[in-house]
Amino acid sequence: MEYKLIGPEHYEQVIDHLRRNFFADEPLNKAAGLCQKGFGNSELEHHSLETLHDKLSLMAVDRSEGAEQEECKIAGVILNGILRPGDTAQALQKLQASSDLNFKKIFELLYSHNLKVDLFGRFKVDRIFDVRILSVDASYRGQGIAKELVRHAESLARKRGFRLLKADATGIFSQKILRSHGFELFAEQLYAKYTDAGGQVVLPVEAPHIKLQLLTKKVGHDDGDE
Ligand code: ACO
């Protein structure tokens, strides 16, 4: 397996990977019924592409498949973006114009949960390495690829001079993976307690996933090249 930076030439293949894996499988997307496996979602694709433009995203490529071809098989991706003060409040405001109610439900939870805390003030940083999407192809799961993607992402963050990483881990497995890399719990929200004005649970997330965790990791500097 090769781990490498995602360049613009891979964007289409990455979006295709997400359509076949992340968009339908991620716990909140699944609970909201965001889209069916293999299908796209314009808002989530836009969000993914915006993150890719920060040039901090990595992919795991299976060299044994399609080695002779230009396009190798993507086994997994970790999409990371730069988060600056004010970005989340602005994103929440922009979200109000979205006509995709399911997308809105998911991102209202994520943004409002993040707005309850001030990571910039607490850690005295002016930018954060934001781990936004961790996705492994269903046929490659359980082989430690997600763990390796997180390890490479952390190494990249150090090399680019970031002092803080954060992730909104939506399921029990991503939480376990990030915690095993030294990410610490900063805030959490039980899905069963996230209700609307009428007391209805907004996102009926399936077990074993029961809560959203905002996880952080402080890192030091590293001068090498990724
Ligand atoms: N059942 C039981 N244990 C699991 C499972 C599972 N389905 N998935 C992962 N684990 C455990 C592994 O046993 C392993 O634990 P260990 O180190 O104690 O042996 C650990 O989690 C790491 O497993 P990996 O093999 O590195 O994980 P994998 O490559 O299978 O990818 C992922 C895990 C990314 C969660 C994958 O299942 C996936 O793509 N799911 C759909 C998308 C998703 O939910 N992404 C995370 C959302 S949060 C975010 O994106 C920031």
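Reference entry: report on the structure contained in this document. (Residues numbered from 1 in each chain as written. Predicted model: local features only at pLDDT ≥ 70, side-chain atom pairs only at ≥ 80, totals over all residues. Heavy atoms only, no water.)

### Side note on the side chain of Ser48
Piece 1. Here Ser48 shows up in helix α4 (residues 42-52).
Piece 2. Given the relative accessible area of 0%, Ser48 is considered buried.
Piece 3. Not counting residues up to four positions away in its chain, the partners in contact with Ser48 are Ile15, Leu18, Phe23, Leu79 and Ile133. (Helix = DSSP H or I, 4+ residues; strand = E, 2+ residues; numbered from the N terminus. Buried < 20%, exposed > 50% of the residue type's maximum accessible area, 1.4 Å probe, protein only. Contact = heavy atoms within 4.5 Å.)

### As for α4
Piece 1. Within α4, the full set of buried residues consists of Leu44, Glu45, His47, Ser48, Thr51 and Leu52. The buried residues of α4 occupy an angular sector of 160 degrees when projected down its axis, which confines them to one face. (Arc of directions from axis to C-beta.)

### Overview of the site of the ligand
Piece 1. In the vicinity of the ligand there are 23 residues, among which Leu134, Val136, Gly142, Gly144 and Lys147 approach most closely.
Piece 2. With respect to the ligand, the backbone of Gly142 contributes an N or O atom lying 2.7 Å from an oxygen atom.
Piece 3. Here Gly144 contributes a backbone N or O atom positioned 2.7 Å from an oxygen atom of the ligand.
Piece 4. If the ligand stood free it would expose 970 Å²; the protein chains cover 74% of that surface. (Near = heavy atom within 4 Å. Polar contact = N/O pair within 3.5 Å; in protein donor to acceptor, adjacent residues only side chain to side chain. Areas by Shrake-Rupley, 256 points an atom, 1.4 Å probe, with all protein chains shown as cover.)

### Let's talk about the pairing of strand β7 (residues 211-218)
Along a regular strand, successive side chains alternate from one face of the sheet to the other.
Piece 1. Most of β7 is tucked away, with six of its eight residues classed as buried.
Piece 2. Pairing of strand β6 (residues 184-190) with β7 involves six bridges; the strand directions are antiparallel. Looking across to β7, one finds that Glu188 is bridged to Gln213. (Pairing = 2+ DSSP bridges.)

### As for helix α8 (residues 145-159)
Piece 1. With 15 residues, α8 extends 21 Å between its outermost C-alpha atoms, agreeing within 8% with the 21 Å of an ideal straight helix rising 1.5 Å per residue.
Piece 2. Buried within α8 are the following residues: Ile145, Ala146, Leu149, Val150, His152, Ala153, Glu154, Ser155, Leu156, Ala157 and Lys159.
Piece 3. Gly161 occupies a position one or two residues after α8 and carries a positive phi of about 80 degrees. (Expected span 1.5 Å × (residues − 1).)

### Considerations on the packing of aromatic side chains
Piece 1. Counted under the stated rule, the structure contains four aromatic pairs.
Piece 2. Taking 5.7 Å as the distance between ring centres and 45 degrees as the angle between the ring planes, the aromatic pair formed by Phe123 and Phe186 counts as tilted. Of the two residues, Phe123 is situated in helix α7 (residues 119-123) and Phe186 in strand β6; the sequence distance between them amounts to 63 residues.
Piece 3. Classification of Phe123 as buried rests on a relative accessible area of 15%.
Piece 4. By relative accessible area, which is 27% here, Phe186 ends up partly exposed.
Piece 5. Every member of this aromatic cluster is reached through a ring pair, and the members are Phe103, Phe107 and Tyr111.
Piece 6. When the ring centre of Phe162 is taken as origin, the NZ or CZ atom of Arg127, which lies over that ring, is 3.8 Å away. (Phe/Tyr/Trp six-rings, centres within 6.5 Å; stacked < 30°, edge-to-face > 60°. Lys NZ or Arg CZ within 6 Å of the ring centre and 35° of its normal.)

### Topic: the pattern of salt bridges
Piece 1. What the rule picks out here adds up to 16 salt bridges.
Piece 2. For the salt bridge of Glu154 with Lys217, the shortest nitrogen-to-oxygen distance reads 2.8 Å. Placement of Glu154 in helix α8 and of Lys217 in strand β7 is noted, with a sequence separation of 63 residues between them. Lys217 matches Glu154 in its accessibility class, with the two residues each being buried.
Piece 3. Between Lys166 and Asp168 there is a salt bridge; the shortest N-O distance is 3.1 Å. Of the two residues, Lys166 and Asp168, both sit in the buried class.
Piece 4. Linked through salt bridges whose partners overlap, the residues forming this network are Asp16, Arg20, Lys73 and Asp137. (Salt bridge = Lys/Arg side-chain N within 4 Å of Asp/Glu carboxyl O.)

Read these as geometric descriptors, not functional statements.
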